[in-house]
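Single-letter residue listing:
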Amino acid sequence: MSTYRRFSDASVSEKLLDTMFLLAIGLGYLFALSNIYITHQGYDGKKGLSVQDVSISYHGKASQSRLAAAINGPMEVNLPNLAAKKTMLDWIQHGAGKAEFEAKIHPIMKENCVMCHSAASGISGIPHFDDYEHVLPLTKTDTGASIPTLVRLSHIHLLGISFMLLLVGRIFILCEINIMLKRFIMAAPFVFLILDISSWYITKIFPNFAYLVIASGAVVGITFAFQLVVSLYQMWFYHPNKIVE
Ligand code: HEC
């Protein structure tokens, strides 16, 4: 019968390296969660993150434009005051005419938005506010995140998170727990990561799939956290009698 490496076979140096990695990546994950909150909250006009916000992020909302959704939601912080927000919302409401854009709206954007929303900023995949023609489409009915945006986020997530799950899973393999549970906890986050990202595109078509986006994202998070906590615990505090066979 073959034997496999467990934490009891690992040197203190290896465990120290693993621990530092797990702590840093755990912290990174918490920042990723904060980022989800910041970039999705407020789309429905209410503070805080809701299923409705997630649905609008991907599917859009017929009664609201993308620009209005953004300045009610995550882009609000970039505006200097409520008056500027109201000026922009009124302008969208009244048909987004060109003369008013040049007189009132573009100055606000040049002051508060164009440092990011321009070709010169180097931020790819976000709309440019250099002139009226670029802004106008965003004042039409919100159809949710654009396909180029979803493709950009998909490739970043799949490449980044796969590596993270591989490295964390390699450490978690050294635990001693029920083998079926171990296999499930290792494989599940990959499956649900793919399901989560697929459900962004499905939500773009069917808004209620926002629930699947949230549920599958939660499974990734829970299984990842489980690996992290159990690994750290067993590495330092669990001393089984070593089984030779
Ligand atoms: C610090 C940089 C920065 C500033 C300043 C900024 N934005 Fe953004 N904006 C972004 C980024 C990055 C995204 C993409 C967010 C994402 O994909 O989750 C974005 C997304 C948007 C979107 C949504 C685009 C889409 O495809 O759904 C709109 C609309 C928008 N911003 C409007 C504004 C307005 C209006 C202002 C000024 C009041 C502003 N932004 C200021 C960085 C910025």
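Residues numbered from 1 in each chain as written. Predicted model: local features only at pLDDT ≥ 70, side-chain atom pairs only at ≥ 80, totals over all residues. Heavy atoms only, no water.

### Things to note about the nonpolar core
For clarity, the threshold we go by: Among buried residues, those of type Ala, Val, Leu, Ile, Met, Phe, Trp, Tyr and Cys that are joined through side-chain atoms within 4.5 Å constitute a nonpolar core. For every residue, the accessible area obtained with a 1.4 Å probe (protein chains only) is divided by the maximum for its type, and the residue is called buried under 20%, exposed over 50%, and partly exposed between those limits. What counts as a helix is a DSSP run of H or I of at least four residues, what counts as a strand is a run of E of at least two, and both are numbered from the N terminus. By the convention used here, residues are in contact when the closest approach between their heavy atoms is within 4.5 Å.
The biggest cluster of nonpolar side chains holds 27 residues, and the ones touching the most others in it are Leu-22 and Phe-224. Of all the secondary structure elements, the ones that give two or more residues to this core are helix H1 (12-40), helix H2 (51-59), helix H7 (147-172), helix H8 (179-205) and helix H9 (210-237). Here the element with the most residues in this core is H9; it accounts for eight residues. Aside from chain neighbours lying at most four places away, what touches Phe-224 is Ile-25, Tyr-29, Met-164, Leu-165 and Val-168.

### Some words on the domain arrangement of the chain
Applicable threshold: The source of the domain bounds is an automatic or database domain assignment. The term buried area refers to how much accessible surface (probe radius 1.4 Å) is lost by two components on association, counted for both of them together. What counts as a salt bridge is simple: a side-chain nitrogen of Lys or Arg found within 4 Å of a carboxyl oxygen of Asp or Glu. Polar contacts, as used here, are pairs of N or O atoms within 3.5 Å; protein pairs need one atom able to donate a hydrogen and one able to accept it. Residues neighboring in sequence count only if both atoms are side-chain atoms.
Annotation of the chain at the domain level lists domain 1 (7-40 + 146-237) and domain 2 (62-142). Computed over C-alpha atoms only, the centres of domain 1 and domain 2 are separated by 35 Å. Across the contact, four residues belong to domain 1 and four residues belong to domain 2. In total, about 270 Å² of surface goes out of reach between domain 1 and domain 2, with carbon and sulfur atoms giving 44% of it. Taken together, domain 1 and domain 2 are joined by zero salt bridges. Counting the contacts that link domain 1 with domain 2 gives zero residue pairs in polar contact (both at pLDDT 80 or more). For the side of domain 1 that touches domain 2, the secondary structure elements donating two or more residues are H1 and H7.

### A short note on the coordination of the iron atom of the ligand
Around a metal, the idealised angle for a tetrahedral arrangement of four donor atoms is 109.5 degrees; for an octahedral arrangement of six donor atoms it is 90 or 180 degrees. Put simply, the rule is: Metal donors were taken as nitrogen, oxygen and sulfur atoms no farther than 2.8 Å from the ion, or 3.2 Å where the ion is Na, K or Ca. Water is excluded, so coordination may look unfinished. The rule is simple: four donors are tetrahedral if all their angles sit between 85 and 135 degrees, four are square planar and six octahedral if opposite donors span more than 155 degrees and the others lie between 65 and 115, and anything that fits none of that is irregular.
Donor atoms from the polypeptide that bind the iron atom of the ligand are Met-75 (SD) and His-117 (NE2), placed at 2.0 to 2.3 Å. Considering all six donor atoms around the iron atom of the ligand, angles at the metal cover 86 to 178° and the coordination shape is octahedral. In this pair, Met-75 sits in the loop between helix H3 (66-72) and helix H4 (82-93) while His-117 sits in the loop between helix H5 (98-112) and helix H6 (132-135), placing the two residues 42 residues apart along the sequence. Taking the relative accessible area as the measure of exposure, Met-75 reaches 34% and is therefore partly exposed. Overall, His-117 belongs to the buried group, its relative accessible area being 11%.

### Description of the packing of aromatic side chains
Cut-off, in case you're wondering: For Phe, Tyr and Trp, where Trp contributes only its six-membered ring, two rings pair if their centres lie within 6.5 Å, and the inter-plane angle classes them as stacked under 30 degrees, edge-to-face over 60, or tilted in between. Note on criteria: charge over ring means Lys NZ or Arg CZ within 6 Å of the ring centre, with the direction from the centre no more than 35 degrees off the ring normal.
Under the criterion given, the structure shown has seven aromatic pairs. Seen from their ring centres, Phe-172 and Phe-226 are 6.3 Å apart, and the 70° between their planes marks the pair as edge-to-face. Remark: Phe-226 occurs in helix H9 and Phe-172 occurs in helix H7; sequence separation between them is 54 residues. With a centroid separation of 6.1 Å and an interplanar angle of 45°, the aromatic rings of Phe-206 and Phe-209 are classed as tilted. The class for Phe-206 is partly exposed, based on a relative accessible area of 47%. A residue is classified by how much of its surface remains accessible, and Phe-209, at 33% relative accessible area, is partly exposed. One aromatic cluster is present, built from ring pairs that chain together Trp-91, Phe-101 and Tyr-132. Lying across the ring of Trp-236, Lys-15 places its NZ or CZ 5.0 Å from the centre.

### Focus on the pattern of salt bridges
One pass over the full model with this rule turns up seven salt bridges. With a closest N to O distance of 2.9 Å, Asp-90 and Lys-86 form a salt bridge. A residue pair is termed a helical-turn pair when its members lie 3 or 4 positions apart in one helix, as Asp-90 and Lys-86 do in helix H4 at four residues. The exposure class of Asp-90 is partly exposed, given its relative accessible area of 29%. A salt bridge links Glu-133 to Lys-98; the nearest nitrogen and oxygen atoms lie 3.8 Å apart. Separated by 35 residues along the polypeptide, Glu-133 in helix H6 and Lys-98 in helix H5 bring together distant segments of the chain.

### Here's the deal with the site of the ligand
Threshold: Any residue with a heavy atom lying within 4 Å of a molecule or strand is counted as near it.
Taken together, 17 residues lie around the ligand, and Arg-66, Met-75, Cys-113, Cys-116 and His-117 are the ones closest in. With respect to the ligand, the side chain of Arg-66 contributes an N or O atom lying 2.6 Å from an oxygen atom. Here a nitrogen atom of the ligand sits 2.7 Å away from a polar atom, N or O, in the side chain of His-117. Among the elements that line the shell around the ligand, the one with the most residues is H3, at four residues.

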